[in-house]
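Listed here are the chains, written in short residue letters.
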Amino acid sequence: MKSKLAITITLLIMGSCTAQKPASKGTYGYDVEFFEKESIEMIQLKANDNGAAVLISPGYQGRIMTSTSRGMQGQSFGWINHDYISSGKINDQFNPFGGEERIWLGPEGGPFSIYFDQDEEQNFGNWRVPKELDTSPFELVQKSDRSVQFQKSMQISNASGHPLKLSIDRTITLLDLKETEATLSTSLHRSLDWVAYESENILSNKGDDSWDENSGFLSIWLLSMFNPSEEGLVFLPFQEGSEEELGKIVEDNYFGKVPEERLIIKGNMVYFKVDGKHRSKIGLSPERSTPYSGSYDPTSKTLTILWYSKPKDPTPYVNSKWGEQEDPLKGDALNSYNDGPVADGSILGPFYEIESSSPAALLQPGESIKHSQRIIHITGEEKYLNEVVNNLFQVSLTEMVSVFEED
């Protein structure tokens, strides 16, 4: 029989080992511990009725860094560049911190770009993200258990030399089951794990001049970075119709034409391979896009649904293509990016993105435009995930996954 002293020592050792055991990489707990170790301020929104949680950084422009559906031990859905953050480096051009949803402003290219200086050739060497959207913190206005609000005022000059004075109000809210099911227009099986949140973003013209076709204009641009997988795919439903009426189905030539085996159109759906192995980007115009899109990872059985506040009536969108443009108000409403090696073999991530944009903010002084986005991650048995997909898109997960296998 063990002595009381031996039992006490054993329990202390067991407790010490348990306390010191770090969270596994890829879990939400790992990312929380990482930000604590790096002394980076973070705000967590947590649900009381399940393991849903969202991790937000005020210092990174109120960026949603990641989320989970199963608490500290659950999968971390956002892509975070741990090595870059740990390095402490700050790059004047762009800092790839990562994050599940960050706010930028369009247009990226063209005469009214805010990523190139006046009279500069629009190439990668001259491209720079404004510090207000890259390294400057957003001001915390208020927060509660399920919601947090940020604000940022700034002045940015565009490639035509016009200064734009503006403010951004950004509110992030953790959604409950009723709100989530309303977004999906279906009920979730109780065995499924899920997390859902909304970001509401308001862009205001705080200057004395109008934003128009002469001086320039902006748009709200939300970019969501996720972890790629070998069999991962993005799916983008589109409005069917002739090219004469609605234009081409998908823009596929941002960084060179996307190889056919990586981009497939079937039925009323665009499928895009997001394995982090080939740098490429696609876009859907406002005439073609719908308010819904998403991705699926068959390996982890993770279904991601993205909804954004697309206006019902036709409205112009900014053109973000670099260089000369035929029409600065003829751009995409929805994009997806797959990371991959560049010419020298280096790679930024890997990660993939789904991006949504607001219409062009053609605003008079004092006017505002609002753009909202909801992201829902669901994991569990495929037969229950399939119910969600079938209801929203009238296609099965089996059909989705088999698209690239058939090819």
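Coordinates for the structure precede this section.
Just so it is clear, the model here is predicted, and its values are computed rather than measured.

A.B. asks: Give a description of the sheet that holds strand β5 (residues 139–143) that names residues and reports values.
C.D. replies: The strand order across the open sheet built from ten strands is β5-β6-β7-β8-β18-β15-β14-β10-β12-β11, with neighbouring strands paired in antiparallel fashion. One side of each edge strand has no neighbouring strand; the edge strands of this open sheet are β5 and β11 (263–266). Strand after strand, the sheet turns through a mean of 20° between neighbouring axes, direction not considered. Packing against the sheet, helix α4 (residues 177–184) makes contact with β7 (163–174), β8 (193–205), β14 (292–297), β15 (302–308) and β18 (368–379), and its axis sits at approximately 100° to β18.

A.B. asks: So what about the packing of aromatic side chains? Which residues, and what values?
C.D. replies: If you walk through the whole model with that rule in mind, you get 19 aromatic pairs. Summarising the aromatic geometry, the rings of Trp104 and Tyr115 are spaced 5.6 Å apart at their centres and angled 45° between planes, so their arrangement reads as tilted. With Trp104 in strand β4 (residues 102–106) and Tyr115 in the loop between β4 and β5, this residue pair connects regions lying eleven residues apart in the sequence. Assigned by exposure class, Trp104 and Tyr115 land together as buried. Taking the centre distance of 5.7 Å and the plane angle of 40° together, the rings of Tyr337 and Phe351 count as tilted. Here the residue Tyr337 occupies a position in strand β16 (residues 334–338), and Phe351 occupies one in the loop between β16 and β17 (352–357), the gap between them amounting to 14 residues.

A.B. asks: Residue-level account of the pairing of strand β2 (residues 53–57), with values.
C.D. replies: Most of β2 sits inside the fold, with five of its five residues counted as buried. Burial along β2 is two-sided: Ala53, Leu55 and Ser57 and Val54 and Ile56, pointing in opposite directions, are all buried. Pairing analysis gives four bridges linking strand β1 (residues 43–46) to β2, with the strands arranged antiparallel. Within β2, the position partnered with Ile43 by the bridge is Ile56. Count of turn residues in the β1/β2 antiparallel hairpin: six residues. Bridging between β2 and strand β3 (residues 63–68) involves five bridges; their strand directions are antiparallel. Within the sheet, the bridge partner assigned to Ile56 lies in β3 and is Ile64. As consecutive antiparallel partners, β2 and β3 are separated by five residues, and within that stretch Gln61 has a phi angle of approximately 60°, a positive value.

Scoring rules and cut-offs
- Residues numbered from 1 in each chain as written.
- Predicted model: local features only at pLDDT ≥ 70, side-chain atom pairs only at ≥ 80, totals over all residues.
- Heavy atoms only, no water.
- Pairing = 2+ DSSP bridges.
- Helix = DSSP H or I, 4+ residues; strand = E, 2+ residues; numbered from the N terminus.
- Axes fitted to C-alpha atoms, helices over the stretch in contact; angles between N-to-C directions.
- Contact = heavy atoms within 4.5 Å.
- Phe/Tyr/Trp six-rings, centres within 6.5 Å; stacked < 30°, edge-to-face > 60°.
- Buried < 20%, exposed > 50% of the residue type's maximum accessible area, 1.4 Å probe, protein only.

Read these as layout, nothing more, since geometry by itself doesn't imply function.
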